[in-house]
Amino acid sequence: VLSDTVPIHLTGYVLDQPPQELCRVGYSSDGRSMSWQGKRISCTSNGNPPPMDRPLTVLRAITNPTKDKEDQPRHLFYHIATVIMDTEEYGHVENSIRAILDGDIVVPYISSKRNILPLEEPTMTKESTQTATIIGFSDPGRFLAESQSFLFLDKGTQAGYQEGSIFSIYRGLNSTANETLGSLEVLSDKNNLQIGVIEVLQASTHGSVAYVHWVNEVIYQDDDIGLPRHTPPNS
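Residues numbered from 1 in each chain as written. Predicted model: local features only at pLDDT ≥ 70, side-chain atom pairs only at ≥ 80, totals over all residues. Heavy atoms only, no water.

## Focus: the nonpolar core
A general feature of soluble globular proteins is that nonpolar side chains tend to end up buried together. Note the threshold: As used here, the term nonpolar core means buried Ala, Val, Leu, Ile, Met, Phe, Trp, Tyr and Cys residues forming a set that is joined through side-chain atoms within 4.5 Å. Any residue under 20% of the maximum accessible area for its type is buried, any over 50% is exposed, and the rest in between are partly exposed; the area is computed with a 1.4 Å probe on protein chains only. Runs of H or I in DSSP of at least four residues are treated as helices and runs of E of at least two as strands, each being numbered from the N terminus. Pairs of residues are marked as contacts when any of their non-hydrogen atoms sit within 4.5 Å.
Membership of the largest hydrophobic core comes to 32 residues, with the highest contact counts inside it found for V58, V83, I100, V106, F150, F152 and L201. Only β2 (12-15), β3 (23-25), β5 (40-44), β6 (55-61), β7 (75-85), β10 (105-108), β14 (150-153) and β17 (208-215) provide two or more residues apiece to this core. Per-element accounting of this core gives the leading share, seven residues, to β7. Residues contacting V106, with those up to four places away along its chain left out, are Q20, E21, L22, C23, V25, C43, L56, T57, V58 and V83.

Written out as structure tokens, the structure is:
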């Protein structure tokens with residue numbers, strides 16, 4: 001493990017409950033339907049006006065949050081920007097990961113910054129008894145991932161997916177083609193199915209967000225996060 005940490009920024013969150021909505025973004029002050037860093041936004045609240053002169057976070061909710069087998073909701077949000085309200089209805093964009101669109105929500109400030117140790121030879125961690133399925137990727141509309149990107153997972157702290165946990169990515173363990181190959185333990189012993197390593201950086205009870213440290217193949221949605229077998233690529 002390298003000694004120096006590297007700052008990164010989460011592209012989104014998986015939450016048990018939606019955060020407090022302070023106001024909802026409308027058209028920008030110049031009449032456009034999107035805003036970037038340095039631009040102004042308009043924001044309409046349903047009750048008390050949002051606080052002024054302090055950083056607030058803009059999120060984009062993913063339609064139809066997924067639920068687990070126990071019908072527990074997972075709310076997926078993409079981190080869009082940081083804004084400061086100058087008046088009750090107008091504010092300016094301090095920084096943005098992507099364009100702010102009509103309907104995005106402004107919530108109390110959430111820090112997206114995390115510090116990680118780049119992994120050369122990942123150390124063993126507590127084994128999970130449950131395999132996580134990928135339910136989202138780094139950006140809206142994206143359906144694959146590579147190294148140094150993010151995955152939204154359907155398992156959280158209740159299933160042992162704690163912040164800092166390190167797990168391996170396996171190729172399609174739940175796919176129909178693998179149904180006759182045996183249990184997860186049998187599949188995970190086949191080196192050609194282990195394609196990368198992730199680290200959980202944000203976790204709620206029923207979901208989490210993980211960072212892809214390395215991967216030797218493109219990650220698709222039917223790939224699974226399995227037992228924490230940390231064999232570096234090409235070893």
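## Considerations on the confidence of the model for the chain
What counts, and what does not: Scored between 0 and 100, pLDDT is the confidence that the predictor attaches to each residue.
Overall, the predicted model of the chain reaches an average pLDDT of 78, with 72% of residues at or above 70. Across the chain, β10 holds the top mean pLDDT of 96, while helix α1 (residues 184-188) sits lowest at 43. Residue range residues 228-235 is modelled with pLDDT below 50. Its contacts to residues more than four positions away, or to other chains, number 28 contacts.

## Side note on the sheet that holds strand β15 (residues 166-170)
Strand pairing in a sheet takes place through backbone hydrogen bonds and is either antiparallel or parallel in direction. The following threshold applies: By definition, two strands form a pair when at least two bridges between them are found by DSSP.
Here six strands make up a closed barrel; going around it, the order is β12-β14-β17-β16-β15-β19 and the pairing antiparallel. Judged from the four bridges that link them, β14 and β17 form a sheet pairing that is antiparallel. When the sheet's bridge partners are listed, F150 is paired in β17 with Y211.

## So, the pattern of salt bridges
Quick note on the threshold: Basic side-chain nitrogens of Lys or Arg form a salt bridge, by our definition, when they fall within 4 Å of a carboxyl oxygen of Asp or Glu.
One pass over the structure, following the stated rule, counts five salt bridges. For the salt bridge of D104 with R60, the shortest nitrogen-to-oxygen distance reads 2.8 Å. Of this pair, D104 sits in the loop between β9 (100-101) and β10 while R60 sits in strand β6, and the two are 44 residues apart along the sequence. A single burial state applies to D104 and to R60, both of which are buried.

## Quick word on the packing of aromatic side chains
Put simply, the rule is: What counts as a ring pair is set by centres within 6.5 Å for rings of Phe, Tyr and Trp (its six-membered ring), and what kind of pair is set by the plane angle: stacked under 30 degrees, edge-to-face over 60, tilted for all other angles.
A full pass over the atoms with the stated rule returns three aromatic pairs. For the ring pair Y161 and F167, a centre distance of 4.6 Å and an interplane angle of 35 degrees mean the geometry is tilted. By the burial criterion, Y161 is buried, and F167 matches it.

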